[in-house]
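Listed here are the chains, written in short residue letters.
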Amino acid sequence: MNVHEYQGKEILAQFGVGIQRGVVATTPAEAVTAAKQLTEETGTGWHVIKAQVHAGGRGKGGGVKLAKSLDEVAQIADDIIGMQLVTPQTTAEGKKVHQVLVAEDVYYPGDSEPKEFYISVLLNRATGRNMIMYSTEGGMDIETVAEQTPELIFTEEVDPTVGLLPFQARKVAFNLGLSGAAFKGMTKFVTALYKAYVGADAALFEINPVLKTSDDKIIAVDAKVTLDDNALFRHPDFEAMRDIREENPTDVAAREVGLNYVALDGNVGCMVNGAGLAMATMDLIKQAGGDPANFLDVGGTADAARVEAAFRIILQDPKVKAILINIFGGIVRCDRVAQGIVDAYKNMGDAIKVPIIVRLQGTNSDIAKKLIDDSGLEVQSAVLFQEAADKVQAVLQ
Ligand code: GDP
Ligand code: MN
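Residues numbered from 1 in each chain as written. Chains lettered and ligands numbered in written order. Predicted model: local features only at pLDDT ≥ 70, side-chain atom pairs only at ≥ 80, totals over all residues. Heavy atoms only, no water.

Colleague: Explanation requested: the packing of helix 9 (residues 275-287) against helix 13 (residues 385-396) in the structure shown.
Modeller: Relative orientation and spacing of two packed helices are given, respectively, by the angle between their axes and the distance between those axes. Between helix 9 and helix 13, whose axes approach to 10 Å, the crossing angle comes to 50 degrees. One way to sum up the angle between helix 9 and helix 13 is to call them oblique. The hand of the helix 9/helix 13 crossing is right-handed. Of the residues in helix 13, those touching helix 9 at L277, A280, T281 and L284 are F385, Q386 and A389. A class-by-class count of the residues in the contact of helix 9 with helix 13 yields five nonpolar, two polar and no charged. (Axes fitted to C-alpha atoms, helices over the stretch in contact; angles between N-to-C directions. Helix = DSSP H or I, 4+ residues; strand = E, 2+ residues; numbered from the N terminus. Parallel < 35°, antiparallel > 145°, perpendicular 65-115°, else oblique. Left-handed = near helix turned anticlockwise from the far one by under 90°. Contact = heavy atoms within 4.5 Å. Nonpolar A, V, L, I, M, F, W, Y, C, P; charged D, E, K, R; others polar.)

Following this line, the structure appears as structure tokens:
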């Protein structure tokens, strides 16, 4: 799950990571109040107004602006809130901005040497270790740095059972060319950042830029935070940060009814019970010459309501030209699933315009096949796995 920059910074701050301070606002009036509050707390007279959307490159798209007075705060907040923000990381349509982060200006006026760094923490799947990736080239696209000056990107691997060792944090600060108070500040920053990554059960932290202010403070100016969905149950306060306006509507619908759904690029929708069988089904579709449009695990309770919900989710994808239902009746009886399919099909009236191939194997599969065959619906039944995949291919020809 992704969270907004302001929420990511809240998480970082909880673990003692230094951040650029800010207050979120949904109207220009709120933005002005936020700016006044920040002036009281930090003494800053200038503020940055930052669009809060789940996409990077906001600066380039006009979603990050400096305000040098309260009038400018109101004006810029008014311009940004409600805008359709297009950045190198959004579609051409862009993303609607519902709120802004009003933050203290940390590139102090007349600043001699603010320095921007890049620091991320992520899992290196190849080594099974966490990894701190960092660079002196902050504020830029890390992909561009990787292409043009890969020698300026460093990595530090961390053994998850031991954690980040003090010498590793010092190495990061050293490689970033720091000394004195900034060196100390950076080792503290990196140590807290790693703790936060582990403590929050994060999947990715990308802090770009990390800023060294002219008075040698080290703070996170931006925060891209991705949390591990599978660990969210341990963090109800983070789960509450979910902003479904930023998420794919189909994914949201699937999660609401408790279906395990991942959209893919192909044209064969699949509905399967059990993640392993779903994977095998996708393989078989591929082997038969097709392409799965999704992964969908309906789980152990495939009743009519669930089957219908799954149909609706699959059909939201206009690429779907056929649906393959592959159910193994172990705990669930095949005839109940078949009845569920027939009921859902009838309930949905004309909504289903694509052929459906059903394979039900296991307890009461013979009764189930008869139910489908006798339903008079345009549902084809197959019993063998391969047969089902071939039938899908046949209807797509
Ligand atoms: P992104 O474009 O979505 O990555 O958003 P960032 O939060 O990284 O902001 C983009 C750029 O805005 C940063 O690289 C900074 O150069 C600039 N910026 C951010 N905060 C401040 C600030 O407090 N003062 C000034 N002058 N510029 C800032
Ligand atoms: Mn950034």
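Colleague: Can you walk me through the domain arrangement of the protein chain in this structure?
Modeller: A common way to report how large an interface is uses the accessible area buried once the components associate. On domain assignment, one finds that the protein chain holds domain 1 (1-20 + 108-247), domain 2 (21-105) and domain 3 (248-396). Computed from C-alpha coordinates alone, the two centres of domain 1 and domain 2 are separated by 22 Å. Facing 16 residues of domain 1, the contacting portion of domain 2 comprises 19 residues. Taking both sides of the interface into account, the surface hidden between domain 1 and domain 2 amounts to around 1,500 Å²; carbon and sulfur atoms contribute 45%. Together, Y6, Q20 and E246 form the three largest contributors to the area buried by domain 1 at its contact with domain 2, with a combined 40%. At the boundary of domain 1 and domain 2, one finds four salt bridges. (Domains from an automatic or database assignment. Buried area = accessible area lost by both parts, 1.4 Å probe. Salt bridge = Lys/Arg side-chain N within 4 Å of Asp/Glu carboxyl O.)

Colleague: Where do I start with the site of ligand 1 in this structure?
Modeller: The full set close to ligand 1 counts 17 residues, and K50, R58, G59, D105 and V106 are the nearest of them. The side chain of R58 places a nitrogen or oxygen atom 2.7 Å from an oxygen atom of ligand 1. For ligand 1, an oxygen atom lies 3.2 Å from a polar atom in the backbone of N208. When ligand 1 is considered free in solution it has 570 Å² of accessible area, and contact with the protein chains removes 80% of it. Where the shell around ligand 1 is concerned, the elements lending two or more residues are strand 2 (47-51) and strand 10 (202-212). Residue composition of the shell around ligand 1, grouped by class: six nonpolar, five polar and six charged. Both domains that meet at the shell around ligand 1, namely domain 1 (1-20 + 108-247) and domain 2 (21-105), each give it at least three residues. (Near = heavy atom within 4 Å. Polar contact = N/O pair within 3.5 Å; in protein donor to acceptor, adjacent residues only side chain to side chain. Areas by Shrake-Rupley, 256 points an atom, 1.4 Å probe, with all protein chains shown as cover.)

Colleague: Teacher, can you tell me more about the pattern of salt bridges here?
Modeller: A side chain with one charge can pair with a side chain of the opposite charge if their charged atoms come near. One pass over the structure, following the stated rule, counts 21 salt bridges. A salt bridge links D215 to K217; the nearest nitrogen and oxygen atoms lie 3.2 Å apart. For R242, the salt bridge is made with E239, and the minimal N-O distance between the two is 2.9 Å. When salt bridges that share partners are traced, they join E5, K9, K50, R58 and D222 into one network.

Colleague: I would appreciate a short explanation of the pairing of strand 7 (residues 115-124) in the present structure.
Modeller: For a regular strand, side-chain orientation follows a simple rule: the groups alternate between the two sheet faces. Taken together, the seven bridges between strand 7 and strand 10 define a ladder with antiparallel strand orientation. Paired with F117 across the bridge in strand 10 is V210. Alignment of strand 7 against strand 8 (residues 129-135), held across seven bridges, turns out to be antiparallel. By the bridge assignment for strand 8, V121 is matched with I132. (Pairing = 2+ DSSP bridges.)

Colleague: Could you clarify how one ought to interpret the coordination of the manganese ion (ligand 2) in this entry?
Modeller: In ideal tetrahedral geometry, four donors around a metal make angles of 109.5 degrees, whereas ideal octahedral geometry with six donors gives angles of 90 or 180 degrees. Of the protein atoms, only N208 (O) and D222 (OD) coordinate the manganese ion (ligand 2), at distances of 2.2 Å. Note that N208 is positioned in strand 10 and D222 in the loop between strand 11 (218-220) and strand 12 (224-227), a separation of 14 residues in sequence. Of the two residues, N208 and D222, both sit in the buried class. (Donors = N, O, S within 2.8 Å, 3.2 Å for Na, K, Ca; no water. Buried < 20%, exposed > 50% of the residue type's maximum accessible area, 1.4 Å probe, protein only.)

Colleague: Please explain the packing of aromatic side chains as it appears in this structure.
Modeller: Scanning the model with the defined rule gives two aromatic pairs in all. On the numbers, 5.6 Å between centres and 85 degrees between planes, the contact of Y197 with F205 is edge-to-face. F205 shares its class with Y197; the two are buried. (Phe/Tyr/Trp six-rings, centres within 6.5 Å; stacked < 30°, edge-to-face > 60°.)

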